[in-house]
Structures are given as C-alpha cells and as structure tokens.
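One-letter residues, chain by chain:
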Amino acid sequence: MSDTSAPTVDTAREAVSRRLLMCSPRYFDVTYSINPWMDPAKPVDAGAARLQWEQLRDLYVSLGHTVELIEPDEDLPDMVFAANGATVVDGKVLGSRFRHLERTAEGPAYLRWFTDNGFPDVLWPEYVNEGAGDYLLAGRTLLAGTGFRTDPRSHAEAQEFFGVPVVGLTLVDPRYYHLDTALCVLAPGEVMYNPAAFSPGSRAVLREMFPDAILAGAEDAAVFGLNAFSDGRNVILPEAALSLAARLRERGFNPLGMDLPELLKAGGGAKCCTLELHPAVHLDGASC
Ligand code: ARG
C-alpha cells in the first residue's frame, strides 16, 4: 500500500531564481485605516515587525533569490509593502498611483528607485493603479485586479505599455482588496485563488483560464493564505493555511510556512512585502 500521508515533493518542479525588491519596515505602523484589517487602536510591535520581515528576506536569500532594497521613508508607514510600488514586466516599469492620500507619496519614491537603478523604460501612469498588488504576471498574461484600488482604465494603460494581454478581474470582498490577497500565481499557467473574492463574471473567467486551479476556502483565505510568493517550486505562505499547503504538496510544490503577524495588522503578508522585478525576455525565451 502506498503511503499517502506524506506526499513527496515532485523534483520536476524547478525553482526559478528571482530578483526581488523589498523595503524595511523601519517606520512601519498602523496610523490610519484603508482596509478592514487596519485598526489604528491596536498597538504594533515595531521590533517584531522588523524580525518577521528579516526572516522573510533571509528566506528569499537562502532560496537563491536576489533581494534589492529601497530606503524606507519615515512618513510612509505602508511603504514596507513593496508589491504596491510599481509593476515590472520585461524590465519595463509602470509606476504606481495610489488610491489613498496616505500612500500617494510612495509612487514617486518607488519610481525614483527604478530610475536610479538602471531601468530605462519607466512610465508615470495616468490612472490609479497599486502596482503588483493588483497586477500579477501569469506566463505572458497580466492578471489585473480592480474593484477597490486599481482603476479599470489602468488595465488598458498597462496593456498598451507592456504589450502583453491584460485580463481584468473584479474583486468584491473588501477584506481581499488587492488581487494578490485573493490569487497567487504558482507557475506560468497555474494559480490558486479564493473564488468568493471575485465577481461572478471574473470567477467564470478564472475557471475558463485555469480549469485546474487550486481553489481556496474561506479558512485559508481568512488567514491571508493567498498572499503567497512562489518561485515555481517553493511557495511561501502563512503557517495557518493548512489546506492550501497540503494541496500544494500534492501538486509537487514545496510549501514553506512563514508568518508576519505584525504586518498582517496592516492587511499585508509575504507577497505584499515583495516586488518581483520581472526581467527583460529575449525572443528565444531566455531572460537577461
Ligand atoms: N495597508 C496597506 C494598504 O491597505 C497594505 C497593502 C498590502 N499590499 C498588497 N500588495 N496587498 O494599502
């Protein structure tokens, strides 16, 4: 009889090393509320936030990823959520224009990092968009969230700029206000998502595009289980997302539990703290 209790990791899954941008939570705090997770009355432990974030950064490095750092700004307590700072596809950078006044200065701050660090193709956007919080690259398709933060008109702007198909998806649950709180790209054609976070039409689109997707239930979603980072093999997600971890293992991924409880007080997790700098791709498919 085969042992089904401890499925082994499929060695065919290959991790692709990534270039990631992160921002220290040196000035992290919850001083305002722009999503249902944020309660300024609840104290934040700055030291614990720092330690948790450092564990995440160290885990990326130990997995062979390159972590770049942007200097935090003391007036921008949410700047630790680097995913929102820009969207990078093929080495091209679409700047972010934030929905809320409290975060608007992050857009130019992140854009400056890109111009200072050798990214020649940078666009300051016309429409509100919250970067890779709402834009997720799945193979050569850019999945694009809207409903709470990113203006749907930004989707056409992103398609024109990057020259890849953009598929708009509407979020309907305020707890899952960015696309990366409701869906995670695991590998080019593979995703996991929380169907309840999407409008009926968007749910149908996701079913059509990803018939074999891992569907998250309410429990895994509520512990922020979809706010995960995948390098194609290793998937970093909250410890408490037990059922997702089991299903990832069945499919040959290597789930790695990582909790960031202090950052969760701002409605953020591992993926929110991470901006993937997708490199330029040659026509033969090799990245440079
Ligand atoms: N407090 C931040 C906000 O509401 C959290 C951002 C989380 N980032 C993300 N990529 N989901 O904007």
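Residues numbered from 1 in each chain as written. Predicted model: local features only at pLDDT ≥ 70, side-chain atom pairs only at ≥ 80, totals over all residues. Heavy atoms only, no water.

Participant: Help me understand the environment of G118 in this model?
Facilitator: Looking at the element boundaries, G118 is found in the loop between helix 2 (106-116) and strand 5 (122-123). On a C-alpha basis, the gap between G118 and G217 in space is 42 Å, while along the polypeptide they are 99 residues apart. (Helix = DSSP H or I, 4+ residues; strand = E, 2+ residues; numbered from the N terminus.)

Participant: So what exactly am I meant to see when it comes to the environment of A213 here?
Facilitator: Relative to the helices and strands, A213 is located in the loop between helix 4 (200-209) and strand 11 (214-215). The buried category is assigned to A213, whose relative accessible area is 14%. The spacing of A213 and V88 is 125 residues in sequence and 24 Å in space, taken between C-alpha atoms. Leave out the neighbours within four places in its chain, and A213 touches V191, Y193 and R251. (Buried < 20%, exposed > 50% of the residue type's maximum accessible area, 1.4 Å probe, protein only. Contact = heavy atoms within 4.5 Å.)

Participant: Please explain helix 2 as it appears in this structure.
Facilitator: Residue pairs spaced three or four apart in an α-helix point in one direction, given the helix's 3.6 residues per turn. Every buried residue of helix 2 is listed here: E106, G107, A109, Y110, L111, W113 and F114. Here the buried face of helix 2 lies against strand 1 (19-23), strand 2 (66-70), strand 3 (86-89), strand 4 (92-95), strand 5 and strand 15 (275-276). Positive backbone phi, at 80°, marks G118, one or two positions downstream of helix 2.

Participant: Any chance you could explain the side chain of D151 here in plain terms?
Facilitator: Here D151 lies in the loop between strand 7 (141-146) and helix 3 (153-162). For D151, a relative accessible area of 12% corresponds to the buried category.

Participant: So what exactly am I meant to see when it comes to the site of the ligand here?
Facilitator: Near the ligand lie 17 residues; those nearest to it are N35, R103, R149, D180 and C272. Interatomic distance of 2.9 Å between a side-chain N/O atom of H178 and a nitrogen atom of the ligand. The separation between a nitrogen atom of the ligand and a polar main-chain atom of A266 is 2.8 Å. If the ligand stood free it would expose 350 Å²; the protein chains cover 100% of that surface. For the shell around the ligand, the class distribution of residues is 7 nonpolar, 6 polar and 4 charged. (Near = heavy atom within 4 Å. Polar contact = N/O pair within 3.5 Å; in protein donor to acceptor, adjacent residues only side chain to side chain. Areas by Shrake-Rupley, 256 points an atom, 1.4 Å probe, with all protein chains shown as cover. Nonpolar A, V, L, I, M, F, W, Y, C, P; charged D, E, K, R; others polar.)

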